[in-house]
Amino acid sequence: MKSKITDEINRIIEVLKNDQSSDGSWDYPFETGVSTDAYMIILLRTLEINDEKLIQALVERILSRQEKNGSWKLFYDEKNGNLTATVEAYYALLYSGYRNKNDKELEAARRCILAWGGIEKSHMLAKIMLALTGQYKWPSFFPMPVEFILLPLSFPINFFDFSVYGRTNIAPILILADQKFVMKTNRSPDLSDLFLSRGNAENDEFFLNRSGEWRSFYSFIQQGIKNILGFPEYIHNMAIQQTKKYMLDRIESDGTFYNYFSSTFLMIFSLLALRFPKNDPIIKKAVEGLKGMACQIDGKTHMQYTTANVWNTSLISYALQGAGIAWDDPMIGQANNYLLSHQQYRYGDWAIHNPTKTPGGWGFSDKNTLNPDIDDTTASLRSITDLVQHEVVYRQAWDRGINWIFSMQNYDGGWAAFEKNVDKKIVKLIPIEGAEYLLTDPSSADLTGRTLEFFGNFTNLSKNHNAIKNGVNWLRNNQEKNGSWYGRWGICYIYGTWAAITGLISTGVDTEHSSVQRSLKWLISIQNQDGGWGESCYSDINQSYTPLGVSTLTHTAWALDTLIAASDNVTPEILAGVKFLLDTSNKKGWTLSYPAGQGMAGGFYIHYHSYQYIFPLLALSHYKNKFLE
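Now for a look at the structure at hand. In this text the structure is predicted, and so the values were computed from the model without any measurement. (Residues numbered from 1 in each chain as written. Predicted model: local features only at pLDDT ≥ 70, side-chain atom pairs only at ≥ 80, totals over all residues. Heavy atoms only, no water.)

The next thing to look at is the overall build of the chain. Helix and strand counts for the chain come out as 25 helices and seven strands. For the chain, the C-alpha atoms occupy an extent of roughly 70 × 60 × 45 Å along the three principal directions. By the burial criterion, 62% of the 629 residues in the chain qualify as buried. Here the analysis covers contacts within the chain between residues at least 6 apart in sequence; of these, 74% occur between residues at least 24 apart. Carbon and sulfur atoms form 49% of the exposed surface of the chain, whose accessible area is close to 24,000 Å². One way to put it: in the chain the 59 positive side-chain charges average out to a point 3 Å from where the 65 negative ones average out. (Helix = DSSP H or I, 4+ residues; strand = E, 2+ residues; numbered from the N terminus. Buried < 20%, exposed > 50% of the residue type's maximum accessible area, 1.4 Å probe, protein only. Contact = heavy atoms within 4.5 Å. Areas by Shrake-Rupley, 256 points an atom, 1.4 Å probe, with all protein chains shown as cover. Lys, Arg positive; Asp, Glu negative; His and termini not counted. Charge placed at Lys NZ, Arg CZ, Asp CG, Glu CD.)

Right, let's get into the packing of aromatic side chains. According to the stated counting rule, one finds 46 aromatic pairs in the structure shown. Both rings, one in Trp498 and one in Phe615, keep their centres 5.5 Å apart while their planes meet at 80 degrees; by these two values the pair is edge-to-face. Of this pair, Trp498 sits in helix α20 (residues 493-506) while Phe615 sits in helix α25 (residues 611-628), and the two are 117 residues apart along the sequence. Across the pair, Phe615 and Trp498 agree in class, each one buried. A connected cluster of aromatic rings, assembled from ring pairs, spans Phe30, Trp311, Phe364, Tyr495, Trp498, Trp558, Tyr608, Tyr611 and Phe615. (Phe/Tyr/Trp six-rings, centres within 6.5 Å; stacked < 30°, edge-to-face > 60°.)

A few words now on the sheet that holds strand β7 (residues 604-608). Strand order in the open sheet made by the three strands is β1-β7-β6, with antiparallel pairing throughout. Edge strands, defined here as strands with exactly one partner in the open sheet, are β1 (30-31) and β6 (597-600). Sheet analysis places β1 next to β7, joined by two bridges and oriented antiparallel. Paired with Glu31 across the strands is His607, a residue of β7. (Pairing = 2+ DSSP bridges.)

What follows deals with the nonpolar core. In terms of nonpolar packing, the biggest core is built from 212 residues, with Met40, Phe159, Phe162 and Leu320 touching the most fellow members. Once residues within four sequence positions are removed from consideration, Leu320 is found in contact with Ile13, Leu16, Trp26, Ile325, Met331, Ile332 and Leu617. (Core = buried A, V, L, I, M, F, W, Y, C linked by side-chain atoms within 4.5 Å.)

What follows deals with the environment of Thr511. Considering the arrangement of structural elements, one finds Thr511 in the loop between α20 and α21 (514-525). In this structure, the C-alpha to C-alpha distance between Thr511 and Ala565, residues 54 residues apart in sequence, is 9.0 Å. Setting aside its immediate chain neighbours within four residues, Thr511 contacts Ile505, Val516, Gln517 and Ala566.

Moving on, we get to the pattern of salt bridges. Per the counting criterion, the structure on display carries 22 salt bridges. Across the salt bridge formed by Arg11 and Glu8, the nearest N and O atoms sit 2.9 Å from each other. Of the two residues, Arg11 and Glu8 both sit in helix α1 (residues 2-19), three residues apart, roughly one turn of that helix. Judged by its relative accessible area of 23%, Arg11 falls in the partly exposed class. The partner of Glu453 in a salt bridge is Arg382, with the nearest N and O atoms 2.8 Å apart. You can see Glu453 sitting in helix α18 (residues 445-458) and its partner Arg382 sitting in helix α15 (residues 374-384), a full 71 residues away along the chain. In terms of burial, Glu453 and Arg382 fall into one category: buried. Bridged by salt links that share partners, the residues Glu31, Asp37, Arg61 and Arg65 form one connected network. (Salt bridge = Lys/Arg side-chain N within 4 Å of Asp/Glu carboxyl O.)

Of all five residues that make up β7, five are buried, and the element is covered over most of its length. Neither face of β7 is exposed, since Phe604, Ile606 and Tyr608 on one face and Tyr605 and His607 on the opposite face are all buried. Looking at chain direction, β6 and β7 are connected through three bridges and run antiparallel. Bridged to Gln598 within β7 is Tyr605.

Every α-helical turn comprises 3.6 residues, leaving residues that sit three or four positions apart pointing alike. With twelve residues, helix α5 (residues 104-115) extends 17 Å between its outermost C-alpha atoms, agreeing within 8% with the 16 Å of an ideal straight helix rising 1.5 Å per residue. Those residues of α5 that sit buried are Leu106, Ala108, Ala109, Arg110, Cys112 and Ile113. Looking at the packing, one finds that the buried side of α5 touches α4 (83-96). Of the residues trailing α5, Gly117 is marked for its positive phi of about 115 degrees. (Expected span 1.5 Å × (residues − 1).)

Structural data, given as structure tokens:
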């Protein structure tokens, strides 16, 4: 067993060594299905940028992902298919000009869409895209008027009560909805035959139906806007300018808005709504920035939602060092120099709720300079830990990062992803589909657990420090009845449980504590007969653990790492998990590409191509270091 583990660790190290980029990073794809591919085709055709090579490549990938019944799925075990993804793919294929309605692929897709209730049942964000490109009727009102952005921070709800990833999408939508902007071209297809009930749709089909509580809430916002001094037209124009300024002030060096595909796509159309010409330098650079997110997966071109270079690099560098690669090895040196160059020095939106602290975090993507997050910051700090004692510049980076993490702890004791205390219950009253995920950034078990694990294993912080005690209490108070924890950014309960248990143990919680034991009992109870673990994306949708039915490398690595951290001796369950990793490491199949991350339940799932190396390497290294050395 020991030699097999050593061989597998060395195999993964060799793969990672060969895959490292010249700048020291790892640029493994951030894969999110076909929606971004479809939106890129729609954007290029609408702007009449006839980049045929890219459009044809995206058409090829979209078609390669179509199911036999004509649908497109977000994840392998999604029953039948996904309506919104199918509408988006169908529209893009038609708009590309390389497919027509009589093609068998599109006929099959159309049958699925109509069988599932028609285009009017697609996700609200898709309806906005359809409306601004002339395929759907804009509603007579939007849940938030553009003047909403002018409400002061002292108002019970304001623009900065939304999460940063919510704001970046909502800001351009406020302009588009206000202007009821539509842009069609001579090549625009006709999607009217996708409506099941009638040729168009009304307000009740655009937004969630929360009529009673929403009406009073909407009136509350309107009253707040009326209290702003000034004439209505003046206030309206000021709101438009403020929204435009919000976007333009947050454009990254590659021209993208916060380095997210969706927000950049929407920003481009909102600028067109404000009479920017198609060839405006800001729009042209934004399009080029989106093109720069293209990557190759199995010989097919995919538009990434963002890039994951910093996340990949911080996790890989840390995992390699855990596997025995020295901090002064050239591979680690290059990686850590890359990370050092990506520590952030600019004040982003996080400072709105945390105004007294200086920047010091890390973001997710290589172009991200404004939007640090807790997970990337702790991951980067783990990676540079050994350099802190040897090089002053790393010690300075460490101090800035540590101080920023401390300052970002929520009042409830947990940590969120991007901001501090952005979890007002009132926000969830807004009738926007997925508001709980899109508009709030609450404390979560994965972020809180991983932050505690960092403090416990990589710093000399006292276990009695208030930050640790409050974080531990948050985890204890938010454990599920079955012993698991929900992980906000991964799939899902195995992920959250791994983060929570490793965090609790690292900060001194006894493994015999009831919360730990209940969790371990749950993990063991869901282990598959082959020794592995696997969890479905339906866990996220159902808000309860849903087994995948088969095991995956990533879920097995998370579960196994949890058991290793909590065990003093090798158990049969641990041995079975190790054996699964060793037996499955080189096998191909759909489980290897099954999503391990999520952004919005039922709508956005992520396959991290780096995870098949990172987490098995971590789990096997931890096993070897604890039980075989």
